[in-house]
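Observations on the three-dimensional arrangement
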Amino acid sequence: MLKAAQTVHFFRVQSYCLRAIGITRRETGADSVLYAFSFFTVLVMKLGTVMFAVRHIDEIMLLCDCLGPTCTAYLGLVRQYNLRLHRTDIWNIVDELDALKRTLQPNEVRIVRQYNRIDRFLAWAYLITAMSTGILFVGAALVLVVLSEQADWKLPLLMDFPLDVKHPVTFTAFFVWCSVAIFWVVLDCVACDASFGTFSSCLVAHFVIIQQRFENLQFDAVGNGQLGKLIEYHKHILHLADRVIDAYKNVILNQLLISSVLLCMLGFQLVISAGTSIMVVYVAYGTAITIQITYYCYYGSQLYHESTLVHDAVYKSNWYEADVRTQKMLINCMMRANKPVNAKSGFTEASLPTLKAILNSAGSYVALLMSLME
């Protein structure tokens, strides 16, 4: 089963990205070296942008230009560390979801596959979009290097180092280093965000199946055995959902808080750069950030909504034909389902209302800036 789980179709995109940053099911020496090198590469990029921010703290536009990549690099490091910290649990969840799928009826497997198809499309779209943003940053910098004089050469990101990077050899080394770091951040984002989306999508599918099973229970024809199995199935999915949220709660907290600041900052940059070519880069970057927070908020709302519908599904069964003991069991089921799965971390919650609040705040900030500039 381990070999099958390594290549499960619903986790394929995420597996590619995880392997690229050195996080595999069975860690080897090569994986540890790859993880350490990728983590160190992104860390150096972050330190370079921080040094640039410190040296240009009194220049607001330059400061905003480097703070965006600095925060993104920080989120990449948080994601990569979090994935390594919960590596064993993540692969165990993959195995459990794959094993659960094998126990379902054919019509129930179709439900899981339907959700998997949507999730797989979103994962590939996310990877392509994020990679395109990285290519845009590196490609734009490479074109400027080709078209400008050596004195005007610039790295893909605004960075400062305690040594001269204008020499062709040194500049080439740092340019390649920075470019690789950008794509490693992209892989960190896709591996972490898409894996959370995949796990949430599978859990949502199982909640839908649980709803159907409760609605179709006929207590006049079956005993408590079938109900007992369904209750245990429901408990297992709730426990699995808690494990998924616990594994990603630190990422959710950092992502929602920092993305809120980044979107407001990008709004400021868009207003200032309106009508210039650099505006395209800001729009692409803002789109990538919005996709990231949408991933968590959309799946968080899906988990919340479908887990609460189990309560209604129990009520839709023919509970009135069951004996008193069975009815008491159903009441306990409804009470258990009345507490929804909540993708909450600290004082933040990954949900569509949270996404709306973040976008409204950024939009209000942009509108205020535009009114002040008129």
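What counts and what doesn't
- Residues numbered from 1 in each chain as written.
- Predicted model: local features only at pLDDT ≥ 70, side-chain atom pairs only at ≥ 80, totals over all residues.
- Heavy atoms only, no water.
- Helix = DSSP H or I, 4+ residues; strand = E, 2+ residues; numbered from the N terminus.
- Buried < 20%, exposed > 50% of the residue type's maximum accessible area, 1.4 Å probe, protein only.
- Contact = heavy atoms within 4.5 Å.
- Salt bridge = Lys/Arg side-chain N within 4 Å of Asp/Glu carboxyl O.
- 1 Å grid on protein atoms, 1.4 Å probe; cavity = no way out; pocket = protein on both sides within 12 Å on 5 of 7 lines; lining within 4 Å.
- Points joined across faces, edges and corners; volume = space filled by probe spheres on them.
- Nonpolar A, V, L, I, M, F, W, Y, C, P; charged D, E, K, R; others polar.
- Phe/Tyr/Trp six-rings, centres within 6.5 Å; stacked < 30°, edge-to-face > 60°.
- Lys NZ or Arg CZ within 6 Å of the ring centre and 35° of its normal.

1. Some thoughts on the environment of Arg243
With respect to the secondary-structure elements, Arg243 resides in helix α8 (residues 224-272). In this structure Arg243 comes out as buried when scored by relative accessible area, which is 17%. Counting along the chain gives 194 residues from Arg243 to Thr49, while the straight-line C-alpha distance between them is 35 Å. Sequence-distant contacts of Arg243, that is, excluding residues within four places in its chain, are made with Asp89, Asn92, Ile93 and Glu96.

2. Examining the pattern of salt bridges
Under the defined criterion, the tally for this structure stands at eleven salt bridges. The salt bridge partner of Arg55 is Asp160, with a shortest N-O separation of 3.8 Å. One end of the pair, Arg55, is in helix α3 (residues 29-55); the other, Asp160, is in the loop between α6 (106-147) and α7 (168-216), with 105 residues separating them in the sequence. Classification of Arg55 by relative accessible area gives partly exposed; the value is 48%. Judged by its relative accessible area of 17%, Asp160 is buried. A salt bridge links Arg243 to Glu96; the shortest N-O distance between them is 2.7 Å. On the criterion of sequence distance, the pair formed by Arg243 in helix α8 and Glu96 in helix α5 (residues 87-102) is long-range, its members being 147 residues apart. Residues joined in a network through salt bridges with shared partners are Glu27, Arg84 and Arg87.

3. What to know about the layout of surface pockets
When its volume is computed, the largest pocket comes out at roughly 880 Å³. Along its surface, the largest pocket is lined by 33 residues, and Lys154, Leu155, Pro156, Leu157 and Leu158 are the ones closest to its centre. Of all elements in the fold, only α3, α4 (60-85), α6, α8 and α9 (279-316) reach the threshold of two or more residues within the lining of the largest pocket. Looking at the lining of the largest pocket element by element, the count peaks at six residues for α4. Of the residues that constitute the lining of the largest pocket, the class distribution is 25 nonpolar, two polar and six charged. Reported here for the second largest pocket is a volume of approximately 270 Å³. Surrounding the second largest pocket, Gln105, Asn107, Glu108, Ile209, Gln212, Arg213, Asn216, Leu217, Gln226, Lys229 and Leu230 form its lining. For the lining of the second largest pocket, the secondary structure elements donating two or more residues are α6, α7 and α8. Ranked by residue count, the leading element in the lining of the second largest pocket is α7, at four residues.

4. A word on the packing of aromatic side chains
What the rule picks out here adds up to 16 aromatic pairs. Ring geometry for Phe37 and Trp177: centres 5.8 Å apart, planes at 75°, overall edge-to-face. Note that Phe37 is positioned in helix α3 and Trp177 in helix α7, a separation of 140 residues in sequence. On the basis of relative accessible area, Trp177 is assigned to the partly exposed category, the value being 27%. Grouping aromatic residues by their ring pairs yields a cluster made of Phe10, Phe11, Trp91, Phe196, Phe199, Tyr248 and Tyr296. Here the guanidinium or amino end of Arg84 rests over the ring plane of Tyr35, the centre of that ring lying 4.5 Å away.

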